[in-house]
Amino acid sequence: MIGKSYIAPKYAFGFGQSRWGYKTAEDIEGVVKGYRDNRIPLDMVYMDIDYMQDYKDFTVNPERFPDFGQFVQQMKAKNIHLIPIIDAGVKIEEGYDIYEEGVEKGYFCKRADGSDFVAAVWPGWTHFPDVLNPDARAWFGGKYKVLTDLGIDGFWNDMNEPAIFYSEEGIRALNQAIADYVKAPDGGADDDGAEDIMNNANAIPWEVRSCIEHLQNSPEDYRRFYHNVNGQRVRHDLVHNLYGFNMTRAAGEALQAIAPDRKMLLFSRSSYIGMHRYGGIWTGDNQSWWSHILLNLKMMPSLNMCGFLYTGADLGGFGSDTTRDLLLRWLALGVFTPLMRNHAALGTREQECYQFEHIEDFRHVIGVRYRLIPYLYSEYVKAAERDEMYFRPLGFDYPGDRRAVETEDQLMLGNEVMIAPVYTQNVSGRTVYLPEEMKFVKFMPDGSIYEEVLEQGTHYVEVALCEVPLFVRKDRCIPVVDAAQSVDAIDLGTVRYIGYDGAEYELVE
Ligand code: GLC
């Protein structure tokens, strides 16, 4: 009913490193060197907002990236795809072509009085492209060509709720609240509002605090601008969730036209039912918390049920400082999520896998991902083509088994596998429920594969920090290859099948 799912390119099943804060070509080269020198597989490095000139979409800072096109090719030669971010807000700046064209053509979201709505995001004051207007959508989508012409073949769309730090109206309301407070009989006497609040022994009054708290993503702001949907004026708050959908639709339709024969990577932060036809989704700004590993796991089948098959979370956690054990356990879940990306926020500790002790553990866990890529990509493509889910709750496969229906910390993956990642700290394993007999498989750090048949029922399985567990369903098997440094380097000639003897597997590419 909602349409076929987008299919990501195979390279997008490789491992990706990201961080808000890589500023220059040298920073990115350093990351690639860190991975390659330590022989940890890597296929993608993500470029966060700092690659742009003053956070302007479809620009590249020429000082930080003197010859960007050449840099993209140099990276390609190392089997690295650079994946730039694109934000929803277009910077208001004289001489910036996208801003000027958008204003001239009337392609930005408008206030009730017909003026272009102004909101502050990373670049400062911006306008939002009216991606619900088919002409504006085609126009904005066409801009991705600026980067595909330079060899870019993947994007992540962000801040497309659209996120608003504050609006002109919001700032005016805040000013007013401060002025009202200053003028109030029990407030300060002079006109210097901020100074006055600092010198006042009383806390900032509720009226001012509430204004500050409501500056960001305020429902009032979302009622202040309009879309032009085929000539009909539609207030934004009524179609809020369609904004991120249509921004990614803009990109998806354009990328399809730019390279009809080539798959490109595309995923978005904000979305809605139906956007899965154009791209995937990542689960946004999580934290380096153990509870967020479990949350990641639980979100996967929900997203799949909405059609989003290319999904994943910021592994290691976006906000807060990660720890070695947290990252390793999270990666062991990320081995199975189509998007396997380590991403962290500006100001958090360095989170690249080579920043930690015993790098060999990271090499091994990510290596297991590459050993499984033929299987994972095959199950992913099958799910997309057959309108099925890649991740399923156990209850979907064992509906008559109440224990299975109530198990939310294990998932079925494809047609052969069940996963049960470890998501708590300081444990040597976890309890697993098997709805039927299965083969317990562990990828061991020495490259060997441990296999043991376990009966239906409850088991405590030992899983060390450097091991990756999975379960193969009875009478099924999965293909496994040798680990490789990039998806291109995977050698299908090394394939062997693990699981139950005599079972057959259909490999799809
Ligand atoms: C948003 C994104 C995050 C990104 C940051 C800076 O918070 O969700 O992934 O790193 O913006 O662009």
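For the structure, see preceding data.
Keep in mind that this is a model prediction, so the values were computed, not measured.

### What about the overall build of the chain?
Next up, step 1: Looking only at helices and strands, the chain has 15 helices and 25 strands in total.
Next up, step 2: In terms of overall dimensions, the chain is globule-like: its C-alpha atoms have a radius of gyration of 25 Å, near the 23 Å expected for 509 residues.
Next up, step 3: With respect to the three principal axes, the spread of C-alpha positions in the chain is 80 × 55 × 45 Å.
Next up, step 4: Relative to its full complement of 509 residues, the chain shows a buried share of 60%.
Next up, step 5: For the chain, the exposed area adds up to about 20,700 Å²; of that, 49% sits on carbon and sulfur atoms.
Next up, step 6: Looking at charge distribution, the chain has the averaged site of its 50 positive side-chain charges lying 4 Å from that of its 77 negative ones.

### Here we look at a nonpolar patch on the surface
Next up, step 1: Together, M1, I2, Y272 and I273 make up a nonpolar patch on the protein surface, roughly 480 Å² of accessible area in all.
Next up, step 2: Its location among the elements puts Y272 in the loop between β11 (265-268) and β12 (280-282).
Next up, step 3: Here Y272 falls in the partly exposed class, since its relative accessible area comes to 41%.

### Quick look at the nonpolar core
Next up, step 1: Core analysis: the biggest nonpolar cluster contains 141 residues, and L82, L265 and Y380 have the highest contact counts within it.
Next up, step 2: Among the elements that make up this core, the one with the highest residue count is helix α13 (residues 359-385) (15 residues).
Next up, step 3: Ignoring anything within four residues of it in the chain, the contact list for L82 reads I28, V45, M47, F68, F71, V72, M75, I152 and G154.
Next up, step 4: The next biggest cluster of nonpolar side chains, apart from the first, holds 16 residues, and it includes L394, Y398, M418 and V432.

### Some points on the site of the ligand
Next up, step 1: Close to the ligand lie 13 residues, the nearest being D48, D158, R269, D285 and H343.
Next up, step 2: Within the side chain of R269, one N or O atom sits 2.9 Å away from an oxygen atom of the ligand.
Next up, step 3: Take D285: an N or O atom from its side chain is 2.5 Å from an oxygen atom of the ligand.
Next up, step 4: Coverage of the ligand by the protein chains reaches 97% of its 310 Å² of free accessible surface.

### Brief notes about the environment of G244
Next up, step 1: Examined against the element boundaries, G244 turns out to sit in helix α10 (residues 242-258).
Next up, step 2: Sequence separation between G244 and Q456 is 212 residues, and the spatial gap between their C-alpha atoms is 44 Å.
Next up, step 3: Not counting the four nearest positions on each side in its chain, G244 is found in contact with N160, S268, S270 and M275.

### Concerning helix α3 (residues 97-105)
Next up, step 1: When we look at burial in α3, the residues that qualify are I98, Y99 and G102. Burial along α3 is one-sided: seen end-on, the buried residues are contained in an arc of 100°.
Next up, step 2: Where α3 is buried, its residues contact β4 (90-91), β6 (124-127) and α4 (134-142).
Next up, step 3: Backbone geometry just downstream of α3 places G106 in the positive-phi region, at approximately 75°.

### Looking at unusual backbone geometry
Next up, step 1: In the segment running from E161 into P162, the intervening peptide bond is cis, with an omega of -5°.
Next up, step 2: Mapped onto the fold, P162 is located in the loop between β7 (154-158) and β8 (166-167).
Next up, step 3: With a phi angle near 55°, M159 is a residue other than glycine that sits in the positive phi range.
Next up, step 4: Turning to its location among the elements, M159 is positioned in the loop between β7 and β8.

### Digging into the packing of aromatic side chains
Next up, step 1: What the rule picks out here adds up to 36 aromatic pairs.
Next up, step 2: For the ring pair W122 and F165, a centre distance of 4.8 Å and an interplane angle of 75° mean the geometry is edge-to-face. Here W122, found in the loop between β5 (119-121) and β6, pairs with F165, found in the loop between β7 and β8; they are 43 residues apart in sequence, far enough to count as distant.
Next up, step 3: Taking the relative accessible area as the measure of exposure, W122 reaches 28% and is therefore partly exposed.
Next up, step 4: A relative accessible area of 22% places F165 in the partly exposed class.

### Considerations on the sheet that holds strand β14 (residues 314-315)
Next up, step 1: The nine strands are arranged β13-β12-β11-β7-β3-β2-β1-β15-β14 in an open sheet whose pairing can be described as parallel. Sheet topology places β13 (311-312) and β14 at the edges, where each strand pairs with a single neighbour.
Next up, step 2: Of the pairings in the sheet, the one linking β7 to β11 comprises four bridges and is parallel in character. Across the sheet, the residue bridging to F155 is L266, located in β11.

### Here we look at helix α11 (residues 291-305)
Next up, step 1: Taking 1.5 Å of rise per residue, 15 residues should cover 21 Å, and α11 covers 22 Å from first to last C-alpha, within 8% of that figure.
Next up, step 2: What α11 keeps buried is the set H292, I293, L294, N296, L297, M300, P301, L303 and N304.
Next up, step 3: Of the residues flanking the end of α11, it is G307, one or two places downstream, whose phi is positive at about 100°.

### Section: the state of the cysteines
Next up, step 1: Overall, the coordinates contain zero disulfides when judged by the stated rule.
Next up, step 2: The structure places no disulfide on C466, whose sulfur is separated from the nearest cysteine sulfur, that of C353, by 14 Å.

Criteria and thresholds
- Residues numbered from 1 in each chain as written.
- Predicted model: local features only at pLDDT ≥ 70, side-chain atom pairs only at ≥ 80, totals over all residues.
- Heavy atoms only, no water.
- Helix = DSSP H or I, 4+ residues; strand = E, 2+ residues; numbered from the N terminus.
- Rg over C-alpha atoms; globule rule 2.2 N^0.38 Å.
- Buried < 20%, exposed > 50% of the residue type's maximum accessible area, 1.4 Å probe, protein only.
- Areas by Shrake-Rupley, 256 points an atom, 1.4 Å probe, with all protein chains shown as cover.
- Lys, Arg positive; Asp, Glu negative; His and termini not counted.
- Charge placed at Lys NZ, Arg CZ, Asp CG, Glu CD.
- Patch = residues over 30% accessible without salt bridge, like charges linked within 9 Å, V, L, I, M, F, W, Y side chains within 5 Å.
- Salt bridge = Lys/Arg side-chain N within 4 Å of Asp/Glu carboxyl O.
- Core = buried A, V, L, I, M, F, W, Y, C linked by side-chain atoms within 4.5 Å.
- Contact = heavy atoms within 4.5 Å.
- Near = heavy atom within 4 Å.
- Polar contact = N/O pair within 3.5 Å; in protein donor to acceptor, adjacent residues only side chain to side chain.
- Arc of directions from axis to C-beta.
- Phe/Tyr/Trp six-rings, centres within 6.5 Å; stacked < 30°, edge-to-face > 60°.
- Pairing = 2+ DSSP bridges.
- Expected span 1.5 Å × (residues − 1).
- Disulfide = S-S within 2.5 Å.

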